[in-house]
Amino acid sequence: MVSLLYLLFRRALAVAALRLRSREFKELEIVVLRHELAVLRRQIPRPQLDERDRVFLAAAGQLLGRASRSFFVRPDTLLGWHRQLVRKRWTYAGRRPGRPPVAEEVRELVLALARENPRWGYQRIVGELASVSVRVSATTVAKILRRAGVSPAGARAQLSWREFLRAHADSIIACDFFTVETLWLGRLYVLFFLELGSRRVHFAGCTANPDGRWTTQQARQLAWSLSERATPARFLIHDRDSKFGCAFDEVFRSEGVEIIRTPFRAPKANAFAEPWVGTVRSDCLWGALIRSPLQITPSGTTPVACSLLLRTTAAPMGRPA
(Lines give C-alpha, C1' and ligand atoms only; values in the text may rest on other atoms or scores of the structure.)
Protein backbone atom coordinates (compact mmCIF):
# COMPACT_ATOMS: atom_id res chain seq x y z
CA MET A 1 0.00 0.00 0.00
CA VAL A 2 2.86 2.38 0.80
CA SER A 3 4.57 1.58 -2.50
CA LEU A 4 1.37 2.32 -4.41
CA LEU A 5 0.92 5.69 -2.67
CA TYR A 6 4.54 6.57 -3.40
CA LEU A 7 4.07 5.66 -7.06
CA LEU A 8 0.94 7.81 -7.32
CA PHE A 9 2.74 10.70 -5.66
CA ARG A 10 5.58 10.49 -8.16
CA ARG A 11 3.15 10.38 -11.06
CA ALA A 12 1.36 13.47 -9.75
CA LEU A 13 4.65 15.38 -9.49
CA ALA A 14 5.55 14.34 -13.04
CA VAL A 15 2.19 15.59 -14.37
CA ALA A 16 2.65 18.93 -12.56
CA ALA A 17 6.15 19.31 -14.02
CA LEU A 18 4.84 18.60 -17.52
CA ARG A 19 2.28 21.39 -17.30
CA LEU A 20 5.07 23.92 -16.78
CA ARG A 21 7.04 22.85 -19.86
CA SER A 22 6.50 24.04 -23.42
CA ARG A 23 4.87 21.96 -26.12
CA GLU A 24 8.03 21.73 -28.24
CA PHE A 25 10.05 20.52 -25.25
CA LYS A 26 7.45 17.84 -24.50
CA GLU A 27 7.45 16.56 -28.08
CA LEU A 28 11.26 16.42 -28.12
CA GLU A 29 11.26 14.53 -24.83
CA ILE A 30 8.72 12.05 -26.20
CA VAL A 31 10.94 11.41 -29.24
CA VAL A 32 13.94 10.79 -26.96
CA LEU A 33 11.96 8.45 -24.71
CA ARG A 34 10.69 6.48 -27.69
CA HIS A 35 14.24 6.05 -28.94
CA GLU A 36 15.37 4.84 -25.53
CA LEU A 37 12.43 2.43 -25.46
CA ALA A 38 13.45 1.04 -28.87
CA VAL A 39 16.99 0.49 -27.61
CA LEU A 40 15.71 -1.35 -24.55
CA ARG A 41 13.43 -3.53 -26.66
CA ARG A 42 16.42 -4.71 -28.66
CA GLN A 43 18.31 -5.64 -25.50
CA ILE A 44 15.47 -7.14 -23.41
CA PRO A 45 13.02 -9.23 -25.49
CA ARG A 46 10.65 -9.92 -22.57
CA PRO A 47 10.72 -7.51 -19.62
CA GLN A 48 9.59 -8.62 -16.17
CA LEU A 49 6.60 -6.68 -14.79
CA ASP A 50 5.27 -6.67 -11.26
CA GLU A 51 1.73 -6.04 -10.10
CA ARG A 52 2.14 -2.26 -9.88
CA ASP A 53 3.37 -2.04 -13.46
CA ARG A 54 0.40 -4.04 -14.70
CA VAL A 55 -2.06 -1.83 -12.80
CA PHE A 56 -0.63 1.37 -14.23
CA LEU A 57 -0.33 0.09 -17.81
CA ALA A 58 -3.83 -1.40 -17.76
CA ALA A 59 -5.38 1.85 -16.50
CA ALA A 60 -3.40 4.04 -18.92
CA GLY A 61 -4.06 1.71 -21.82
CA GLN A 62 -7.81 2.20 -21.48
CA LEU A 63 -7.33 5.95 -21.89
CA LEU A 64 -5.01 5.76 -24.91
CA GLY A 65 -6.93 3.06 -26.79
CA ARG A 66 -5.72 0.31 -29.12
CA ALA A 67 -4.18 2.72 -31.65
CA SER A 68 -1.45 3.74 -29.20
CA ARG A 69 2.01 2.19 -29.64
CA SER A 70 3.60 3.70 -26.56
CA PHE A 71 3.68 0.43 -24.63
CA PHE A 72 6.00 -2.56 -25.04
CA VAL A 73 3.12 -5.04 -24.56
CA ARG A 74 0.38 -5.94 -26.99
CA PRO A 75 -3.09 -4.41 -26.72
CA ASP A 76 -4.56 -7.84 -26.03
CA THR A 77 -2.29 -8.12 -23.01
CA LEU A 78 -3.53 -4.79 -21.68
CA LEU A 79 -7.12 -5.87 -22.14
CA GLY A 80 -6.38 -9.14 -20.33
CA TRP A 81 -4.91 -7.26 -17.37
CA HIS A 82 -7.97 -5.04 -17.26
CA ARG A 83 -10.28 -8.06 -17.26
CA GLN A 84 -8.34 -9.49 -14.31
CA LEU A 85 -8.84 -6.25 -12.38
CA VAL A 86 -12.58 -6.35 -13.12
CA ARG A 87 -12.76 -10.02 -12.08
CA LYS A 88 -11.06 -9.28 -8.77
CA ARG A 89 -13.46 -6.42 -8.14
CA TRP A 90 -16.56 -8.61 -8.48
CA THR A 91 -15.16 -11.57 -6.57
CA TYR A 92 -17.06 -12.29 -3.37
CA ALA A 93 -17.21 -15.12 -0.87
CA GLY A 94 -20.35 -17.10 -1.51
CA ARG A 95 -21.67 -20.53 -2.40
CA ARG A 96 -20.11 -22.00 -5.50
CA PRO A 97 -22.56 -23.26 -8.13
CA GLY A 98 -22.97 -26.95 -8.84
CA ARG A 99 -23.28 -30.08 -6.74
CA PRO A 100 -21.95 -29.75 -3.17
CA PRO A 101 -18.71 -31.69 -2.50
CA VAL A 102 -18.78 -35.04 -0.75
CA ALA A 103 -17.54 -35.02 2.83
CA GLU A 104 -14.23 -36.74 3.52
CA GLU A 105 -15.86 -39.06 6.08
CA VAL A 106 -18.37 -40.28 3.49
CA ARG A 107 -15.58 -40.81 0.96
CA GLU A 108 -13.57 -42.94 3.40
CA LEU A 109 -16.68 -44.93 4.33
CA VAL A 110 -17.44 -45.71 0.67
CA LEU A 111 -13.87 -46.88 0.05
CA ALA A 112 -13.89 -49.03 3.19
CA LEU A 113 -17.15 -50.74 2.20
CA ALA A 114 -15.89 -51.41 -1.33
CA ARG A 115 -12.56 -52.87 -0.22
CA GLU A 116 -13.94 -55.00 2.60
CA ASN A 117 -16.83 -56.31 0.49
CA PRO A 118 -15.50 -57.00 -3.03
CA ARG A 119 -18.85 -58.37 -4.26
CA TRP A 120 -20.82 -55.22 -3.46
CA GLY A 121 -21.72 -53.02 -6.41
CA TYR A 122 -22.62 -49.32 -6.51
CA GLN A 123 -26.31 -49.85 -5.68
CA ARG A 124 -25.51 -52.16 -2.76
CA ILE A 125 -23.10 -49.61 -1.27
CA VAL A 126 -25.72 -46.87 -1.68
CA GLY A 127 -28.27 -49.04 0.15
CA GLU A 128 -25.90 -49.82 3.00
CA LEU A 129 -25.07 -46.13 3.41
CA ALA A 130 -28.76 -45.25 3.44
CA SER A 131 -29.28 -47.63 6.37
CA VAL A 132 -26.96 -45.43 8.45
CA SER A 133 -28.59 -42.18 7.22
CA VAL A 134 -25.90 -41.31 4.65
CA ARG A 135 -27.49 -40.15 1.38
CA VAL A 136 -25.33 -40.45 -1.75
CA SER A 137 -26.13 -41.43 -5.31
CA ALA A 138 -24.76 -44.38 -7.27
CA THR A 139 -23.02 -41.94 -9.63
CA THR A 140 -21.19 -40.35 -6.71
CA VAL A 141 -20.12 -43.76 -5.38
CA ALA A 142 -18.85 -44.75 -8.83
CA LYS A 143 -16.89 -41.51 -9.14
CA ILE A 144 -15.29 -41.96 -5.68
CA LEU A 145 -14.21 -45.53 -6.47
CA ARG A 146 -12.91 -44.58 -9.92
CA ARG A 147 -10.75 -41.75 -8.55
CA ALA A 148 -9.35 -44.04 -5.83
CA GLY A 149 -8.44 -46.72 -8.39
CA VAL A 150 -10.91 -49.31 -7.02
CA SER A 151 -12.21 -51.67 -9.69
CA PRO A 152 -15.93 -52.39 -10.16
CA ALA A 153 -17.57 -55.24 -8.29
CA GLY A 154 -17.20 -57.67 -11.20
CA ALA A 155 -13.42 -57.26 -11.27
CA ARG A 156 -13.05 -57.14 -7.47
CA ALA A 157 -15.06 -60.33 -6.94
CA GLN A 158 -12.68 -62.47 -8.98
CA LEU A 159 -10.58 -64.73 -6.76
CA SER A 160 -6.84 -64.38 -7.33
CA TRP A 161 -4.23 -67.08 -6.82
CA ARG A 162 -2.78 -65.24 -3.82
CA GLU A 163 -6.16 -65.09 -2.06
CA PHE A 164 -6.90 -68.73 -2.89
CA LEU A 165 -3.58 -69.94 -1.48
CA ARG A 166 -3.93 -67.90 1.70
CA ALA A 167 -7.49 -69.10 2.33
CA HIS A 168 -6.67 -72.81 1.84
CA ALA A 169 -3.00 -72.97 2.83
CA ASP A 170 -3.51 -75.61 5.53
CA SER A 171 -5.11 -78.03 3.09
CA ILE A 172 -2.88 -77.47 0.04
CA ILE A 173 0.16 -79.47 -1.01
CA ALA A 174 2.41 -78.29 -3.83
CA CYS A 175 4.76 -80.59 -5.71
CA ASP A 176 7.41 -80.08 -8.34
CA PHE A 177 10.68 -81.35 -9.76
CA PHE A 178 14.09 -79.76 -9.70
CA THR A 179 17.18 -80.99 -11.52
CA VAL A 180 20.69 -81.66 -10.26
CA GLU A 181 23.73 -81.85 -12.56
CA THR A 182 26.16 -84.58 -11.53
CA LEU A 183 29.93 -84.70 -11.75
CA TRP A 184 29.75 -86.85 -14.91
CA LEU A 185 27.41 -84.32 -16.61
CA GLY A 186 24.37 -86.43 -15.91
CA ARG A 187 21.04 -85.05 -14.80
CA LEU A 188 19.02 -86.18 -11.81
CA TYR A 189 15.36 -85.30 -11.20
CA VAL A 190 14.31 -84.71 -7.60
CA LEU A 191 10.62 -84.86 -6.64
CA PHE A 192 9.38 -83.09 -3.51
CA PHE A 193 6.05 -82.20 -1.88
CA LEU A 194 5.56 -78.99 0.09
CA GLU A 195 2.83 -78.38 2.68
CA LEU A 196 1.81 -74.74 2.35
CA GLY A 197 0.42 -74.38 5.85
CA SER A 198 3.41 -75.69 7.85
CA ARG A 199 6.09 -75.20 5.14
CA ARG A 200 7.18 -78.81 5.67
CA VAL A 201 8.89 -80.39 2.68
CA HIS A 202 8.62 -84.11 1.94
CA PHE A 203 11.57 -85.47 -0.04
CA ALA A 204 10.05 -88.09 -2.36
CA GLY A 205 13.21 -89.27 -4.13
CA CYS A 206 15.44 -88.71 -7.12
CA THR A 207 16.06 -90.62 -10.32
CA ALA A 208 17.65 -90.19 -13.69
CA ASN A 209 14.53 -91.46 -15.50
CA PRO A 210 11.35 -90.03 -13.93
CA ASP A 211 8.74 -92.00 -15.85
CA GLY A 212 5.07 -92.39 -14.96
CA ARG A 213 5.54 -95.60 -12.96
CA TRP A 214 8.18 -93.99 -10.75
CA THR A 215 6.18 -90.84 -10.02
CA THR A 216 3.06 -92.92 -9.30
CA GLN A 217 4.96 -94.99 -6.76
CA GLN A 218 6.21 -91.83 -5.01
CA ALA A 219 2.64 -90.52 -4.96
CA ARG A 220 1.43 -93.73 -3.25
CA GLN A 221 4.07 -93.42 -0.55
CA LEU A 222 3.00 -89.86 0.23
CA ALA A 223 -0.71 -90.70 0.07
CA TRP A 224 -0.26 -93.31 2.82
CA SER A 225 0.84 -90.56 5.21
CA LEU A 226 -1.98 -88.13 4.40
CA SER A 227 -4.31 -89.78 6.90
CA GLU A 228 -1.92 -88.78 9.72
CA ARG A 229 -2.37 -85.05 9.03
CA ALA A 230 -4.40 -82.99 11.50
CA THR A 231 -5.95 -81.09 8.60
CA PRO A 232 -6.85 -83.32 5.65
CA ALA A 233 -5.35 -82.37 2.33
CA ARG A 234 -7.87 -81.07 -0.20
CA PHE A 235 -5.78 -79.70 -3.06
CA LEU A 236 -2.58 -80.69 -4.83
CA ILE A 237 -0.88 -78.12 -7.06
CA HIS A 238 1.54 -79.07 -9.81
CA ASP A 239 2.41 -77.89 -13.29
CA ARG A 240 1.49 -79.52 -16.60
CA ASP A 241 4.67 -81.56 -16.90
CA SER A 242 4.16 -84.87 -18.67
CA LYS A 243 5.82 -86.66 -15.73
CA PHE A 244 2.65 -86.01 -13.71
CA GLY A 245 0.45 -88.47 -15.57
CA CYS A 246 -3.10 -89.61 -15.06
CA ALA A 247 -2.06 -92.42 -12.72
CA PHE A 248 -0.21 -89.91 -10.53
CA ASP A 249 -3.33 -87.75 -10.20
CA GLU A 250 -5.60 -90.74 -9.64
CA VAL A 251 -3.65 -91.76 -6.52
CA PHE A 252 -4.51 -88.45 -4.84
CA ARG A 253 -8.08 -88.37 -6.16
CA SER A 254 -8.70 -91.69 -4.44
CA GLU A 255 -7.76 -89.97 -1.17
CA GLY A 256 -10.24 -87.12 -1.79
CA VAL A 257 -7.61 -84.63 -2.99
CA GLU A 258 -8.48 -82.34 -5.90
CA ILE A 259 -5.78 -81.79 -8.52
CA ILE A 260 -5.08 -78.19 -9.60
CA ARG A 261 -2.86 -77.71 -12.63
CA THR A 262 -1.12 -74.36 -12.94
CA PRO A 263 -1.51 -72.37 -16.18
CA PHE A 264 1.03 -72.65 -18.96
CA ARG A 265 4.28 -70.73 -18.39
CA ALA A 266 3.09 -69.39 -15.03
CA PRO A 267 5.69 -70.27 -12.37
CA LYS A 268 4.19 -67.71 -9.99
CA ALA A 269 1.07 -69.85 -9.74
CA ASN A 270 3.20 -72.31 -7.75
CA ALA A 271 4.71 -69.48 -5.73
CA PHE A 272 5.76 -71.60 -2.74
CA ALA A 273 7.55 -74.48 -4.45
CA GLU A 274 9.51 -72.38 -6.94
CA PRO A 275 11.33 -70.20 -4.33
CA TRP A 276 12.17 -73.29 -2.31
CA VAL A 277 13.96 -74.78 -5.32
CA GLY A 278 16.14 -71.66 -5.47
CA THR A 279 16.92 -72.04 -1.76
CA VAL A 280 18.04 -75.65 -2.19
CA ARG A 281 20.27 -74.77 -5.12
CA SER A 282 21.98 -71.85 -3.39
CA ASP A 283 22.35 -73.37 0.09
CA CYS A 284 22.93 -77.07 -0.61
CA LEU A 285 23.83 -77.90 -4.18
CA TRP A 286 25.92 -75.09 -5.62
CA GLY A 287 28.83 -75.76 -3.29
CA ALA A 288 29.10 -79.51 -3.88
CA LEU A 289 29.75 -81.96 -6.72
CA ILE A 290 27.14 -84.74 -6.89
CA ARG A 291 28.55 -88.05 -8.09
CA SER A 292 25.49 -90.35 -7.77
CA PRO A 293 21.84 -90.29 -6.67
CA LEU A 294 22.92 -91.82 -3.37
CA GLN A 295 24.20 -88.44 -2.19
CA ILE A 296 20.74 -86.86 -2.34
CA THR A 297 18.53 -89.77 -1.27
CA PRO A 298 17.22 -90.44 2.25
CA SER A 299 19.58 -93.41 2.56
CA GLY A 300 22.69 -91.38 1.71
CA THR A 301 25.24 -90.76 4.41
CA THR A 302 27.37 -88.03 2.89
CA PRO A 303 27.48 -84.50 4.42
CA VAL A 304 25.68 -83.15 1.38
CA ALA A 305 22.80 -85.54 1.92
CA CYS A 306 22.62 -84.75 5.63
CA SER A 307 22.53 -81.04 4.98
CA LEU A 308 19.89 -81.40 2.30
CA LEU A 309 17.65 -83.69 4.35
CA LEU A 310 17.81 -81.44 7.40
CA ARG A 311 16.72 -78.48 5.34
CA THR A 312 13.99 -80.27 3.43
CA THR A 313 12.30 -82.17 6.26
CA ALA A 314 12.65 -80.00 9.35
CA ALA A 315 13.51 -76.36 8.64
CA PRO A 316 10.40 -74.16 8.13
CA MET A 317 10.52 -71.65 5.31
CA GLY A 318 9.48 -68.03 5.34
CA ARG A 319 6.44 -66.99 3.35
CA PRO A 320 7.52 -65.96 -0.14
CA ALA A 321 6.54 -62.52 -1.42
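Each value, and the rule that gives it
Residues numbered from 1 in each chain as written. Predicted model: local features only at pLDDT ≥ 70, side-chain atom pairs only at ≥ 80, totals over all residues. Heavy atoms only, no water. Helix = DSSP H or I, 4+ residues; strand = E, 2+ residues; numbered from the N terminus. Expected span 1.5 Å × (residues − 1). Buried < 20%, exposed > 50% of the residue type's maximum accessible area, 1.4 Å probe, protein only. Contact = heavy atoms within 4.5 Å. Patch = residues over 30% accessible without salt bridge, like charges linked within 9 Å, V, L, I, M, F, W, Y side chains within 5 Å. Areas by Shrake-Rupley, 256 points an atom, 1.4 Å probe, with all protein chains shown as cover. Salt bridge = Lys/Arg side-chain N within 4 Å of Asp/Glu carboxyl O. Lys, Arg positive; Asp, Glu negative; His and termini not counted. Charge placed at Lys NZ, Arg CZ, Asp CG, Glu CD. Pairing = 2+ DSSP bridges. Phe/Tyr/Trp six-rings, centres within 6.5 Å; stacked < 30°, edge-to-face > 60°.

Draft legend 1. Quick look at helix α10 (residues 212–224). Between its terminal C-alpha atoms α10 stretches 19 Å, which fits the 18 Å expected from 13 residues at 1.5 Å a residue. Residues of α10 that are buried: Trp214, Thr215, Thr216, Gln218, Ala219, Leu222 and Ala223. Where α10 is buried, its residues touch β1 (172–181), β2 (187–195), β3 (201–207) and α11 (246–253).

Draft legend 2. Structural view of a positive patch on the surface. A contiguous patch of positive charge on the surface is contributed by Arg99, Lys143, Arg146 and Arg147. One can find Lys143 in helix α7 (residues 138–147).

Draft legend 3. Molecular detail of the pairing of β1. Within β1, eight of the 10 residues are buried, which leaves it mostly tucked inside the rest of the structure. Both β1 and strand β4 (residues 235–238) contribute to a ladder of three bridges, which runs parallel. What sits directly across from Ile172, in β4, is Phe235. Sheet topology places β1 next to β2; nine bridges connect them, and they run antiparallel. In the sheet register, Ile173 faces β2, and the bridge partner there is Glu195.

Draft legend 4. Focus on a nonpolar patch on the surface. Among the surface-exposed residues, Met1, Leu4, Leu5 and Leu8 lie close enough to one another that they form a single nonpolar patch of about 450 Å² accessible area. Mapped onto the fold, Leu4 is located in helix α1 (residues 2–19). On the basis of relative accessibility, which here comes to 37%, the residue Leu4 falls in the partly exposed class.

Draft legend 5. Region of interest: the packing of aromatic side chains. This structure, assessed with the given rule, holds nine aromatic pairs. On the numbers, 4.5 Å between centres and 45° between planes, the contact of Phe192 with Trp276 is tilted. Within this pair, whereas Phe192 is found in strand β2, its partner Trp276 is found in helix α12 (residues 273–285), the two being separated by 84 residues in sequence. With relative accessibility at 1%, the residue Phe192 sits in the buried group. Residues Phe193 and Phe248 carry aromatic rings whose centres are separated by 6.4 Å and whose planes lie at 15° to one another, so their mutual orientation is stacked. With a gap of 55 residues between them, Phe193 in strand β2 and Phe248 in helix α11 connect regions that are remote in the sequence. There is no split in this pair, since Phe193 and Phe248 are both buried.

Draft legend 6. Fine view of the side chain of Asn270. The residue Asn270 is located in the loop between β5 (258–261) and α12 in this model. Residue class for Asn270 comes out buried when judged on its relative accessible area of 6%. With residues near it in sequence (within four places) discarded, Asn270 still touches Ala174, Cys175, Asp176, Ile237, Thr262 and Pro275.

Draft legend 7. Seen up close, the pattern of salt bridges. In the structure shown here, the tally under the stated rule is six salt bridges. Between Asp241 and Lys243 there is a salt bridge, with the nearest N and O atoms lying 2.5 Å from each other. Put simply, Glu250 and Arg253 hold a salt bridge, and the shortest N to O gap is 4.0 Å. In this pair, Glu250 and Arg253 both sit in helix α11, three residues apart, roughly one turn of the helix.

Draft legend 8. Geometry of unusual backbone geometry. With phi around 60°, Leu185 is a residue other than glycine that occupies positive phi space. In this structure, Leu185 sits in the loop between β1 and β2. The residue Arg265 is not glycine, and still its phi comes out positive at about 55°.

Any functional reading would require information beyond the geometric quantities listed.
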